[in-house]
Amino acid sequence: MTNSAAPHLLPVFARADLGFERGEGCWLIATNGDRYLDFTSGVAVNALGHVHPALVKALQEQATKLWHMSNLFQSPDGEKLASRLCNESFADFVFFCNSGAEALEGVIKLVRHHHFSKGHPERYRMITFEGAFHGRTLATLAATGSAKYLEGFGPPMDGFDQVPHGDLDAVKKAIGPQTAGILVEPIQGEGGVRAAPHAFLKALRELCDERGLLLAFDEVQTGMGRTGELFAYKRTGVTPDVMSLAKALGGGFPIGAVLATADAAAGMGPGSHGSTFGGNPLAISAANAVLDVMLKPGFFDHVQKMSLLLKQKLASVIDRHPDVVSEVRGEGLLIGIKAVVPSGDLVAALRAEKLLTVGAGDNVVRFLPPLIVTEAEIEDSVGRLERACIAISSSQTKRAAS
């Protein structure tokens, strides 16, 4: 890993010594011309792959019309996108922003303001879960609660009570007179592709209803088709009051969103929240184009079919290489492989085979192909994984013999 190629970029990323100049579908072409099968998708962002014709057309057309006009004025296309998201979800209202972290900031503010507007300003705390990842702003870092992200930035922002993932008794004990809501990822992506049991999510919903709390889902990574439905909550049988979206919403163009019921959004009037660039015309055009593609008949059937195929193929590799990989996790095309060797070693070995993947917590490697991935590309990826496992096993054998 090196940062030498970009000495003036703040060195906060451990960048691979690899750069790309263009992409097409599920493939990225490096500056030296080498082709890489992209199963990172910009970390679950490029859901429709690279330079999808519908997205290119939408952005080209919008670029000749209007780039920015401020939220001081009406946004007909933004209203269209908000209406479509509400029609496809539980929500009554949508707020557009620019990123997942900004969407989570909006969720946190909305949950707090909900109770303030109902005469309970003391209710501002949120329960979150170990292994979560909600963003890099000061509030979302505090919600995440991970020491490695918080170190060096002063005392964590107050208002978050973190409990073990999946521990209902711990949740109940954490609820107090200041509790405003519960924030949970249906599947923890950064945390190791760990799915919350549906029964646990249902119990959280019941707790929130009983105690007058808001249930917030972080679907920044799971939303927009990644789990085989437009939104992951639809697979759980549990409906939240508030939800964050980002990543795949714009298919690669930056946009985030907060979705909320009318009751949850009570009190959010003019001046209570805002964003300069949120919902700008270019982002809105991209997101509407993403929905155009995803809502066509058969799109999610394809995602589910590819998911089943990928899981089956990965399981067969695990059977042959238990010294390298041990478990397949996830839903849809949010798939994790639990590594036996250090996950960074497996990511590097896969990159040597020109397959791009991304690590996660709990020593997991994520496979996040574009949702348009073909059966042939799934087969190709598994062949590359097989070769990477063989290379790792061979290296281990040589080290043991030396």
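Residues numbered from 1 in each chain as written. Predicted model: local features only at pLDDT ≥ 70, side-chain atom pairs only at ≥ 80, totals over all residues. Heavy atoms only, no water.

Student: Give me the layout of surface pockets: which residues, what numbers.
Tutor: One number sums up the size of the second largest pocket: a volume of about 1,000 Å³. Lining the second largest pocket are 33 residues, with Asn71, Val94, Phe95, Phe96 and His273 positioned closest to its centre. Sorting the residues of the lining of the second largest pocket by element identifies helix 3 (76-87), strand 4 (93-97), helix 4 (100-117) and strand 12 (256-260) as the ones contributing at least two each. Among the elements that line the lining of the second largest pocket, the one with the most residues is helix 3, at five residues. Residue composition of the lining of the second largest pocket, grouped by class: 15 nonpolar, 16 polar and two charged. (1 Å grid on protein atoms, 1.4 Å probe; cavity = no way out; pocket = protein on both sides within 12 Å on 5 of 7 lines; lining within 4 Å. Points joined across faces, edges and corners; volume = space filled by probe spheres on them. Helix = DSSP H or I, 4+ residues; strand = E, 2+ residues; numbered from the N terminus. Nonpolar A, V, L, I, M, F, W, Y, C, P; charged D, E, K, R; others polar.)

Student: An account of the UniProt feature "binding site: pyridoxal 5'-phosphate" (unreviewed entry) in the protein chain is needed here, citing residue identities and associated values.
Tutor: Sites flagged by UniProt as "binding site: pyridoxal 5'-phosphate" (unreviewed entry) map to Gly100, Ala101, Phe133, Asp218, Glu219, Val220, Gln221 and Thr276. These annotated residues cover 177 residues of sequence, and their C-alpha atoms reach 25.1 Å apart at the extreme, placing them across more than a single site. In the annotated group above, the second largest cavity draws its lining from Thr276. Following the sequence through the fold, Glu219 ends up in the loop between strand 10 (214-218) and helix 9 (233-236). Overall, Glu219 belongs to the buried group, its relative accessible area being 0%. Apart from the residues lying within four places of it in its own chain, the contact partners of Glu219 are Pro186, Phe231, Ala232, Tyr233, Met243, Ser244 and Leu245. (UniProt positions renumbered as here; feature names shortened; annotations may be inferred. Buried < 20%, exposed > 50% of the residue type's maximum accessible area, 1.4 Å probe, protein only. Contact = heavy atoms within 4.5 Å.)

Student: If you had to explain the packing of helix 3 against helix 10 (residues 281-294) to someone new, which residues and values would you point to?
Tutor: Remark: helix 3 packs on helix 10, axes separated minimally by 9 Å, with the N-to-C direction vectors making an angle of 35°. In terms of crossing hand, the pair formed by helix 3 and helix 10 is left-handed. Here helix 3 contributes Asp77, Gly78, Lys80, Leu81, Arg84 and Leu85 to the contact with helix 10, which in turn contributes Ile284, Ala287, Asn288, Leu291 and Asp292. Grouping the constituent residues of the contact of helix 3 with helix 10 by class yields five nonpolar, two polar and four charged. (Axes fitted to C-alpha atoms, helices over the stretch in contact; angles between N-to-C directions. Left-handed = near helix turned anticlockwise from the far one by under 90°.)

Student: Could you give me a rundown of the sheet that holds strand 4, with the residues and numbers involved?
Tutor: Strand order in this open sheet of seven strands is 4-12-11-10-7-5-6, and the pairing throughout is mixed. The open sheet has two edge strands with one neighbour each: strand 4 and strand 6 (160-163). The average undirected angle you get between the axes of adjacent strands in this sheet is 20°. The pairing of strand 5 (residues 125-129) with strand 7 (residues 179-184) spans three bridges and is classified as parallel. Looking at the pairing, Met126 lines up with Gly181 of strand 7. In the packing of helix 8 (residues 198-211) onto the sheet, the strands contacted are strand 5, strand 7 and strand 10, and the crossing angle to strand 10 comes to about 145°. (Pairing = 2+ DSSP bridges.)

Student: So what's going on with empty space enclosed by the protein? Which residues, and what values?
Tutor: Considering all chains together, one arrives at two cavities of 30 Å³ or more under this definition. Reported here for the largest cavity is a volume of approximately 50 Å³. If you go around the largest cavity, the residues you meet are Pro186, Ile187, Ala195, Ala196, His198, Leu201, Ala232, Arg235, Thr236 and Glu331. Listing elements by their share of the lining of the largest cavity, those giving two or more residues are helix 8 and helix 9. For the lining of the largest cavity, a count of residues per class yields six nonpolar, two polar and two charged. Looking at the second largest cavity, its volume works out to about 40 Å³. Lining the second largest cavity, in full, are His68, Met69, Ser70, Asn71, Thr276, Phe277, Gly278, Gly279 and Asn280. Here the residues of the lining of the second largest cavity are counted per class, giving two nonpolar, seven polar and no charged.

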